[in-house]
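For reference, the chains in residue letters:
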Amino acid sequence: MILKYDLHLHSCLSPCGDNDMTPYNLVNMAKLLGYDIIALTDHNSCLNCPAAVEAGREAGITVVPGMELCTSEEIHTVCLFPTVEKALDFSEYVRKSMPYVKNDPNIFGDQLIMDSTDGVTGTEDILLTTASGISIDDVTKIVSDFSGAVFPAHLDRASYSVLSVLGFLYPEMGFKAAGFTHKAYIPQYEEKHPLLKGMKKFQNSDAHYLENMVEPSVTVDLPECSPQAIIDYING
């Protein structure tokens, strides 16, 4: 089953995400653009995943509950989970590992928790862009403990990527897939970092605004259109 995907999207829960990027809006924009499967991956939290999954169910588009975790080294990783329950359990685990830095909406932006019909149900008071206490060396094992899959985000970016922070990948990290932006020319990264040749590659938008969501240009072949199928595919 050939599916159009975007596995890295933010909602208004992310402090750098636009308030119009509600779970309802981003799901229905993805539907209009023609996606089959998307993932909601807010910074260090999964609290808007229940709303996004429900909105996806109503819209007829598969939403994978997820998170863009910032490791203790300030490396961004995309973590995906088979169910909302697993995602929320992981979200609480991550929250407990973070330092308490109170969000200032006037500086960093709102961190809105919403329902599937654009109703605001609360806010997150911890600043979600701070680094968690989870190391890049431990993230694959910890995510696996929550039945999920993980890959390093936007390797072609000059900040918050494993290549920009460390300069290299090593097998002990345990990654079986890697993320890039839509603009990346992946062969040049495979030539410089041979470990990538044996990994699955995803190109995602990392959209924080509705206008940053792009038309589908990449696909993945899965046996079915479900969160578990994409997790199984990543984990090999």
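Our subject is the structure listed above.
So, here's what we can say about the structure. (Residues numbered from 1 in each chain as written. Predicted model: local features only at pLDDT ≥ 70, side-chain atom pairs only at ≥ 80, totals over all residues. Heavy atoms only, no water.)

### Regarding the side chain of Asn103
Note the following rule: Runs of H or I in DSSP of at least four residues are treated as helices and runs of E of at least two as strands, each being numbered from the N terminus. Each residue is assigned to one of three classes by its accessible area relative to the maximum for its type, calculated with a 1.4 Å probe on protein chains only: buried under 20%, partly exposed between the two thresholds, exposed over 50%. Here a polar contact means two N or O atoms within 3.5 Å. Within protein one must be a hydrogen donor candidate and the other an acceptor candidate, and residues neighboring in sequence count only if both atoms are side-chain atoms. Whether two residues are in contact is decided by their heavy atoms, any of which lying within 4.5 Å being enough.
Summarising the element assignment, Asn103 is placed in the loop between α3 (84-97) and α4 (105-108). A relative accessible area of 8% places Asn103 in the buried class. Polar side-chain contacts of Asn103 include one of 3.0 Å to the backbone oxygen of Gly109. If sequence neighbours within four positions are ignored, Asn103 has contacts with Phe108, Gly109, Gln111, Glu124, Asp125, Ile126 and Leu127.

### Some thoughts on the packing of aromatic side chains
Going by this rule: Only Phe, Tyr and Trp rings are paired, with Trp represented by its six-membered ring, and only when their centres lie within 6.5 Å; those with planes under 30 degrees apart are stacked, over 60 edge-to-face, the remainder tilted.
Taken as a whole and judged by the stated rule, the model has eight aromatic pairs. Geometrically, the ring pair formed by Tyr5 and Phe202 is edge-to-face, given 5.5 Å between the ring centres and 90° between the ring planes. With Tyr5 in strand β1 (residues 2-9) and Phe202 in strand β9 (residues 200-204), the pair connects residues that are 197 residues apart, well separated along the chain. Phe202 shares its class with Tyr5; the two are buried. Where Phe90 meets Phe146, the ring centres are 5.4 Å apart and the plane angle is 75°; that geometry is what we call edge-to-face. Taken together, the residues span a long stretch of sequence, with Phe90 in helix α3 and Phe146 in the loop between α5 (139-145) and β7 (149-152) at a distance of 56 residues.

### Side note on a nonpolar patch on the surface
Rule in force here: Distance thresholds for patches are 9 Å for like charges and 5 Å for nonpolar side chains (Val, Leu, Ile, Met, Phe, Trp, Tyr), applied to residues having over 30% relative accessible area and no salt bridge. Computed with the Shrake-Rupley method and a 1.4 Å probe, the accessible areas treat only the protein chains shown as cover for residues. We define a salt bridge as a side-chain nitrogen of Lys or Arg found within 4 Å of a carboxyl oxygen belonging to Asp or Glu.
A contiguous nonpolar surface patch, about 220 Å² in accessible area, is contributed by Val165, Leu166 and Phe168. Looking at where Phe168 falls in the secondary structure, it is placed in the loop between α6 (162-165) and β8 (177-181). Phe168 sits in the partly exposed class, given a relative accessible area of 41%.

### Some thoughts on the sheet that holds strand β4 (residues 76-80)
One key point about sheets: their strands pair by backbone hydrogen bonds, in either a parallel or an antiparallel sense. Worth spelling out the cut-off: Only strands joined by at least two bridges in the DSSP assignment are considered to pair. Axes, fitted as lines to C-alpha atoms, cover a helix only where it is in contact. Angles between the N-to-C directions of the axes lie from 0 to 180 degrees.
A sheet is described by the order of its strands in space; here six strands give the open sequence β7-β4-β3-β2-β1-β10, paired in mixed fashion. Lying at the two open borders of the sheet, with one neighbouring strand each, are β7 and β10 (219-221). On average, each strand axis in the sheet is tilted by 30° relative to the strand beside it, whichever way the strands run. Where β4 lies against β7, four bridges are found, and the strand directions are antiparallel. Pairing of Leu80 across the sheet is with Ala149, part of β7. The strands that helix α1 (residues 23-33) touches are β1, β2 (37-43) and β3 (62-70); relative to β2, the one it contacts most, it runs at about 150°.

### Regarding the nonpolar core
Soluble, globular proteins show a tendency: their nonpolar side chains are buried together. The following threshold applies: Within this scheme, the nonpolar core is defined by two criteria: the residues are buried Ala, Val, Leu, Ile, Met, Phe, Trp, Tyr or Cys, and they are joined through side-chain atoms within 4.5 Å.
Within the largest apolar cluster, 50 residues are counted, with the highest numbers of intra-cluster contacts made by Val27, Ile38, Phe90 and Val139. The biggest single contributor to this core is helix α2 (residues 49-59), with five residues. If we ignore the near neighbours within four places in the chain, the residues touching Val27 are Ile38, Ala52, Ala55, Gly56, Ala59, Ile61 and Val63. Core analysis: the second largest hydrophobic core is formed by 20 residues, Leu7, Ile37, Val78 and Ala229 among them.

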